[in-house]
Amino acid sequence: MGEVAELNGPTLLCIVGPPAVGKMAVAYEIAQLTGMKVFHNHLAIEPVLRFFEFGSEPYVRLVGEFRRRVFEEVAASDLAGLIFTFVWAFDVPEAELERYAAPFRNREGRVFYLELSASQEVRLERNKGELRLAEKPSKRDLDWSRRNLLEMDAKYQLNSNGEFKDRADYLRLDNTELSAAAVAKLAIKHFGLR
């Protein structure tokens, strides 16, 4: 494990991984222990889906702009930090996370990445979880949500396969058999979150 830089600015923790891996559950556990705020990806997605189809041009513009503004405002605030959850397709060129991290970096903040992985079987079970369905209305159509998870698994590389293992700002954990609370404690210790 590398040395994590001590900076005095705001903290951003990006939790990445495939659908239903437990990103949001871990985010809420970390928030409870650190006072950081959770911005799970569907906080931007769900309101826009009421008006525009997933992936349409207006959808992409609105979701992106809402996220960007939240990141800018949190980075400029006195909040303890922000935890953002995101499905990152590692085989697709991805500049989005770096754009969201920029306001934190510009204020000499700390930016960390926690990658979660779990077996598809476990994720299919978590896909029906109470917290997930409560926070993400678009996932309540369980047949569609299951198909979407399987299609995304088949189409994209949703875990890094150790690509970033030597970076001090990156932690990859297999949480197939770990609770969200256990993962939160490991991440807090690794990144030195307060």
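Our subject in this report is the structure included herewith. (Residues numbered from 1 in each chain as written. Predicted model: local features only at pLDDT ≥ 70, side-chain atom pairs only at ≥ 80, totals over all residues. Heavy atoms only, no water.)

### As for helix α8 (residues 180–191)
So, point 1. Taking 1.5 Å of rise per residue, twelve residues should cover 16 Å, and α8 covers 16 Å from first to last C-alpha, within 8% of that figure.
So, point 2. Taken as a whole, α8 has its buried residues at V183, A184, A187, I188, H190 and F191. The buried residues of α8 occupy one face: seen down the axis, they fall within an arc of 165 degrees. Summarising the geometry of α8, the exposed residues directed more than 90 degrees from the buried face are K185 and K189.
So, point 3. Buried-residue contacts for α8 involve β1 (11–16), α1 (23–34), β4 (110–117) and β5 (170–174).
So, point 4. Positive phi shows up at G192, right after α8, with a value of about 65 degrees. (Helix = DSSP H or I, 4+ residues; strand = E, 2+ residues; numbered from the N terminus. Expected span 1.5 Å × (residues − 1). Buried < 20%, exposed > 50% of the residue type's maximum accessible area, 1.4 Å probe, protein only. Arc of directions from axis to C-beta. Contact = heavy atoms within 4.5 Å.)

### Some words on the pattern of salt bridges
So, point 1. Enumeration according to the criterion identifies ten salt bridges in this entry.
So, point 2. Close ionic contact of R172 with E115 constitutes a salt bridge, the shortest N to O distance being 3.1 Å. One end of the pair, R172, is in strand β5; the other, E115, is in strand β4, with 57 residues separating them in the sequence.
So, point 3. Between E125 and K128 there is a salt bridge, and its shortest N-O distance comes to 3.5 Å.
So, point 4. Overall, E125 belongs to the exposed group, its relative accessible area being 53%.
So, point 5. One network of salt bridges, with partners in common, ties together E65, R68, R69, E72 and E73. (Salt bridge = Lys/Arg side-chain N within 4 Å of Asp/Glu carboxyl O.)

### Some thoughts on the nonpolar core
So, point 1. Counting 25 residues, the largest nonpolar core has L12, F71, F84, W88, L97, F104 and Y113 as the members making the most contacts within it.
So, point 2. For this core, the secondary-structure elements that each account for two or more residues are β1, α2 (42–49), α3 (57–75), β3 (82–86), α4 (96–106) and β4.
So, point 3. Ranked by the residues each element gives to this core, the list is headed by α3, at five residues.
So, point 4. Excluding residues that lie within four positions of it along the chain, F84 makes contacts with L12, L13, C14, I15, F39, N41, R67, F71, L97 and Y100.
So, point 5. Within the second largest apolar cluster, 22 residues are counted, among which are A31, M36, V38 and L171. (Core = buried A, V, L, I, M, F, W, Y, C linked by side-chain atoms within 4.5 Å.)

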